[in-house]
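Residue-level structural notes
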Amino acid sequence: MIVVTSLVVENATVVRPLGPAPASRGVPRWLRKAPTYIFLTIVAVASVYPLYFMVVGATNTSPDVLGSRLLPGGNLFANFRALVAAQDLGGALWHSSLNAVLTTIAALAVCSIAGYGFEVFHSKGKDRVMSLLLLAMMIPFAATMIPLFRMFAQFGLLNSTFAVILPAISTPFLILLFRQSARSFPHEVLEAARIDGLSEFWIFVRIFVPTMRSTYAAAAVITFMNAWNNFLWPRVILVANRYQTMPMLISNFRAGYVIDYGVLMLAVLIASLPTMIVFLVLQRSFANGITGAIK
Amino acid sequence: MKKSTTALAVLAAASLSLGLAACGSNNDTGTSTTGAATTGAPSGDITGKTLTVWTWDPTFNIYAMQEAEKVYQKTHPDFKLTIVETPWDDLQTKLTTLAQSNTTDQLPDIFLVQNNAYQKNVINYPELFADYGNAGIDFSQFPQSVVDYSVIDGKNYGLPFDNGAVIAGYRTDVLQQAGYKLDDFTDLTWSDWLTKAKDVLAKTGKPLLSGQANSSDTIMMMLQSAGASLFDADGKPTIVDNAALEKAIATYQELVKAGVFTEVNSWDEYVQTFVNGNVAGTINGCWILGSIQSATAQSGKWDITDMPKLEGVDGATNYSANGGSSWAISANANYALAADFLKSTFAGSTEFYDTILPSSGALANWAPAAKSAVYAQPQAFFSNDAIYTKIVSYAGKVPSNNTGAYYYEARDAVSTAITKIMGGTDMATALKEAQDTVEFAMQ
Amino acid sequence: MSTIDLTPDQAGVRTPARHRGTGLEKKRSLTGWIFLLPAALLICWMNFYPMIQAFLLSLQSGKGAKLTWAHPAWYNYARLFKDPQFLQTLKTTFIYLVIQVPIMLILALILATLLNSKTLRFKGLFRTAIFLPCAVSLVSYSFVFRTLFSTDGPVNDALMGLHLISSPVNWLANAGTARFVIILGLLWRWTGYNMVFYLAGLQNIDYSTFEAARIDGAGPVKTFIYVTIPQLKPMILLTAIMSTNGTLQLFDESWNLTQGGPANMSMSMSHYLYQLSFQNNPNIGYGSAVSYAILIMVAILALIQMRVGDRRD
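A short tour of the structure in this document, coming up. (Residues numbered from 1 in each chain as written. Chains lettered and ligands numbered in written order. Predicted model: local features only at pLDDT ≥ 70, side-chain atom pairs only at ≥ 80, totals over all residues. Heavy atoms only, no water.)

All names here are of chain B. Judged by how many residues are buried, strand β3 (residues 110–114) sits mostly within the fold: four of five residues are covered. Where strand β1 (residues 50–55) lies against β3, two bridges are found, and the strand directions are parallel. Residue pairing across strands places Trp 54 opposite Phe 111, the latter belonging to β3. With five bridges joining them, β3 and strand β13 (residues 325–330) adopt antiparallel strand pairing. What sits directly across from Gln 114, in β13, is Ser 325. (Buried < 20%, exposed > 50% of the residue type's maximum accessible area, 1.4 Å probe, protein only. Helix = DSSP H or I, 4+ residues; strand = E, 2+ residues; numbered from the N terminus. Pairing = 2+ DSSP bridges.)

This is how it looks when you write it as structure tokens:
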């Protein structure tokens, strides 16, 4: 091990130590990497196991699922037929998708510009406002649900998609996420753009947004997932159940005296897929580091 | 700066139109409820031809409602039912939210309520319910113990539907292997039962019962079988110095200690114990028959009888109830139509009950229906026994018990006490603690 | 209502506009306010207004919908200290917080660092697999966990096979083991979730910083401690606040995995709140007081985290 004489982190640059560069340790690279691969594989397998169980469960009969059968069965189509016969699967997927997509778009737009505003133009006053806004997420929803419901009822907005998504658009969490990310946004770039005569709003749109692609990707995945899985509020605000969502559909399946676990596993598998797909698509943004936009 | 203000305006307009688009989409997307056309506000229907119902379970309650709709349509061709599928937990959340926010105009005409939750809801939220005083329904045709769940201050608030009468189901092949017949497990006391169950366990290796470790279901069933409850007539908790409760807990302890009652962690595991054949019987509300029958391979090997009774407790019987639910008419209902519909179907049509029994196993609480030949049909799964006639006769013999508004608090407190007692805490201490918990909740 | 003071030590130092005259500075400050206005207004409307209503409810007592002002006004808050079940859920929730949050965040940091390596292969696969748990439906996750830890389940079989235990452990029937299962469930479900923020944060850091550290001879551990952690500080603060908030408001695991059992020993505060408001004889006033107690505790912890982690230096 070579002793690092001075490894000081300052303004994102590392002051070079005085010593020479490390010599090769004489161990093949693949062997040095082996513990990493083994560790990651163990974590990955443990992470995927319940998903595997769900996939296999969707192909099995109810008694087989109860018996924790781990091999695929031949009951997938029967389960699917039972699922669509009992519930409006297409409708639930559509309503959930609509809620999740609209919420994600609106939330990213509203919260990212706010987070940017908080950080790039930060002042004591804005920091105080930020900390005040944080209080909004610290109370359990079960406590504010009834007053919120009463408010929507007074406005005649019960049973509307609008009422489902409105409370989920502006969240302290997303604002904080963008505020924290904006901290690593280089101020030299900002200044250069200002000198070029770009207005503050277009600096945000043309420079900040593309630079912070990975933050947007993370925010989109999390917001989509939360909106997709949101249960209590849609269940209550959609009093007449006209726009049943996937979590509501699954809840219906669990309410009977006799639960068909094969069908249930298929339903929860279908309900879990969209978030996974969204992640799979967006995770590429976590690969390349800062893109050429600012260099 | 001007540019950025303009851009901001564009953004604002965009988000506004997004909102409008979201609003607009409400009106043209399809419905997801069972009914074809959904009425905006569920009630106050001027034409008087449609009713909205909140209930759960497509194979059971919802199916029954759909059949009731067909029966009623024979005499009222324009009649239409909109059924909104809502599981009980969600229904309870909705009821609480509507009551607390004074938006009772959102209530449906009819909704299903768990029998155990009736007192709590009617006492706290009388503004949600209409009583059956003007419905013209003869409640003497229903078992008294079931009607009593939904009687508050002498008024009826529920029409009993889902039957919660307790059955003891056994694998007759396993009993036979140990040299017993179903009759040996009928009309007996828990101590006789225990002797025989130990013998069955010794000879076959199979316990006869199973249940969730942290649940008080079994003890609550034992309690009601003796007509006892956790509250006195004034609604005061009677968890301490309750002879029936102490006997029930002591009995339960013996069952578990002897190994004839397997404690498991969850409901899924409980169902699995008899579906996979590791446990050779179960005692529960008769709605458990559906789960038993999901083990198709065990067809013909099951049969049912009544449950054992507590020894040395006044009023002990072999009959009890667990769960069950009743139809409520909401305060926001088209009362005349809702009452007439329920009266002509759930409280007046043998044909209706004859239809729903074979395909859903939904048992009538309405006495005249049980006289029908359909109820006397032998059931192949249950050793060709006429189990439905049996269950209806049990239902009529269940002693009433007083659930009270604090039923759930008391039941949870007793569950906690049982867990502690099984863990070694002295029974009197644990029950005193449970009593204190409930009294604290009532303050 | 107290606010959390995020005032940085050297506020404004990094605002390059400062030396260009106050007119421009004011204009920029105004632009900032305009940027955050829509979000702030929505939060006032959708969160603060109902929160004020909930606070008013917490000063009322009575069952059902017939509430009256409590005497004294803090009646429901005083009740919290006399309620053994609330104090029990408080203790349980803090056990979850203290054990689970640090382990989860460190594990997530390590995973994110490993997966940020340019030379590692199958990164997309690993990333997706490790993120998956929070996307998997709660229904199947709780089912699987209950099955794994059932009396005759694989965990018991494995431990018996290794002769670590002599008889099967009834995991969900003992307070300690039931809490352990919940903590394990939380770790399983949320580590990948937090990893995502670190991964996103790492993308905003110039990769050459890591390379420079490597060339300078820093091993992976030193690079992690002296380069990765300081650079990710804003994200670590975010995840620490979010995880603290999430754990103190924990509901899903308590409700689905253990139903709060045995004997309410694994029940979280939010689970108790839900029970008070919707399952038991409704006591909305007291339920609101419980939720404000949660708010105050989260706010205090967030304040401390902000004080420690939000310095702009």
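With that settled, the discussion passes to the state of the cysteines. Enumeration according to the criterion identifies zero disulfides over all chains in this entry. Looking at the unpaired Cys 111 of chain A, the closest cysteine sulfur is the one in Cys 44 of chain C, lying at 13 Å. (Disulfide = S-S within 2.5 Å.)

Residues and elements named next belong to chain B. Inspection of the entire model under this criterion finds eight cavities of 30 Å³ or more. Of the voids in this model, the second largest cavity is the one considered here, and its volume is about 160 Å³. Around the second largest cavity, the lining comprises 15 residues; the ones closest to its centre are Ser 210, Gly 211, Asp 217, Thr 218 and Tyr 270. Counting residues per element, the ones that place at least two in the lining of the second largest cavity are β9 (209–212), α8 (217–225), α10 (267–275) and β11 (281–285). Considering each element in turn, the lining of the second largest cavity owes the most residues, four residues, to β9. Grouping the constituent residues of the lining of the second largest cavity by class yields seven nonpolar, seven polar and one charged. (1 Å grid on protein atoms, 1.4 Å probe; cavity = no way out; pocket = protein on both sides within 12 Å on 5 of 7 lines; lining within 4 Å. Points joined across faces, edges and corners; volume = space filled by probe spheres on them. Nonpolar A, V, L, I, M, F, W, Y, C, P; charged D, E, K, R; others polar.)

All names here are of chain B. Spatially, the three strands line up as an open sheet ordered β11-β8-β12, and their pairing is antiparallel. In the strand order of this sheet, the two ends are held by β11 and β12 (302–305), each with one partner. The mean angle between the axes of side-by-side strands here comes to 25°, regardless of whether they run parallel or antiparallel. Of the pairings in the sheet, the one linking strand β8 (residues 166–171) to β12 comprises four bridges and is antiparallel in character. Residue pairing in the sheet places Ala 168 in a bridge with Thr 305 of β12. α10 contacts β11 and β12 of the sheet and is inclined by roughly 130° relative to β11. (Axes fitted to C-alpha atoms, helices over the stretch in contact; angles between N-to-C directions. Contact = heavy atoms within 4.5 Å.)

To continue, consider the packing of helix α5 (residues 124–134) of chain A against helix α1 (residues 22–58) of chain C. Look at α5 of chain A against α1 of chain C: their axes get within 11 Å of each other, and the N-to-C directions meet at 20°. Between α5 of chain A and α1 of chain C, the angle falls in the class roughly parallel. For the element pair α5 of chain A and α1 of chain C, the recorded crossing hand is left-handed. Judged by residue contacts, Gly 125, Lys 126, Val 129, Leu 132 and Leu 133 of chain A of α5 of chain A engage Ser 29, Gly 32, Trp 33, Leu 36, Ala 40, Ile 43 and Phe 48 of chain C from α1 of chain C. Looking at the contact of α5 of chain A with α1 of chain C residue by residue, the classes come out as eight nonpolar, three polar and one charged. (Parallel < 35°, antiparallel > 145°, perpendicular 65-115°, else oblique. Left-handed = near helix turned anticlockwise from the far one by under 90°.)

Counting residues in hydrophobic clusters, the biggest one holds 345 residues, and the most contacted among them are Trp 193, Trp 327 and Phe 346 of chain B. Here this core takes 14 residues from helix α7 (residues 175–203) of chain C, the largest share from any one element. In this view, Phe 346 of chain B contacts Ala 64, Met 65, Ala 68, Phe 142, Leu 159, Phe 161, Trp 327, Phe 352, Tyr 353 and Trp 366 of chain B; residues no more than four positions away in its chain are not counted. (Core = buried A, V, L, I, M, F, W, Y, C linked by side-chain atoms within 4.5 Å.)

Before going further, it helps to spend a moment on helix α12 (residues 269–279) of chain C. Turn by turn, an α-helix covers 3.6 residues, leaving residues three or four places apart pointing in a common direction. Most of α12 of chain C is tucked away: ten of the eleven residues are buried. Within α12 of chain C the residues assigned to the buried category are Met 269, Ser 270, His 271, Tyr 272, Leu 273, Tyr 274, Gln 275, Leu 276, Ser 277 and Phe 278 of chain C.

Take the interface of chain C and chain A next. Across the contact, 112 residues belong to chain C and 121 residues belong to chain A. In total, chain C and chain A occlude about 10,400 Å² of area from one another, counting both sides; carbon and sulfur atoms represent 72% of this. With a closest N to O distance of 3.0 Å, Glu 200 of chain A and Arg 28 of chain C form a salt bridge. Where chain C meets chain A, there are twelve residue pairs in polar contact (both at pLDDT 80 or more). Among the elements that take part in the side of chain C that touches chain A, α1 of chain C stands out by supplying 21 residues, more than any other. In terms of residue class, the side of chain C that touches chain A is made up of 71 nonpolar, 28 polar and 13 charged. (Buried area = accessible area lost by both parts, 1.4 Å probe. Salt bridge = Lys/Arg side-chain N within 4 Å of Asp/Glu carboxyl O. Polar contact = N/O pair within 3.5 Å; in protein donor to acceptor, adjacent residues only side chain to side chain.)

Residue-level contacts link 43 residues of chain A with 47 residues of chain B. Between chain A and chain B, roughly 4,000 Å² of surface is buried when both sides are summed, and carbon and sulfur atoms account for 65% of that area. For the chain A face of the interface with chain B, the top three residues by lost area are Leu 66, Arg 242 and Tyr 257 of chain A, together amounting to 18%. At the boundary of chain A with chain B, the tally comes to one salt bridge. Remark: the boundary between chain A and chain B carries eleven residue pairs in polar contact (both at pLDDT 80 or more). In terms of residue count, the dominant contributor to the side of chain A that touches chain B is helix α4 (residues 89–120) of chain A (six residues). A class-by-class count of the residues in the side of chain A that touches chain B yields 27 nonpolar, twelve polar and four charged.

Structural measurements only, silent on function.
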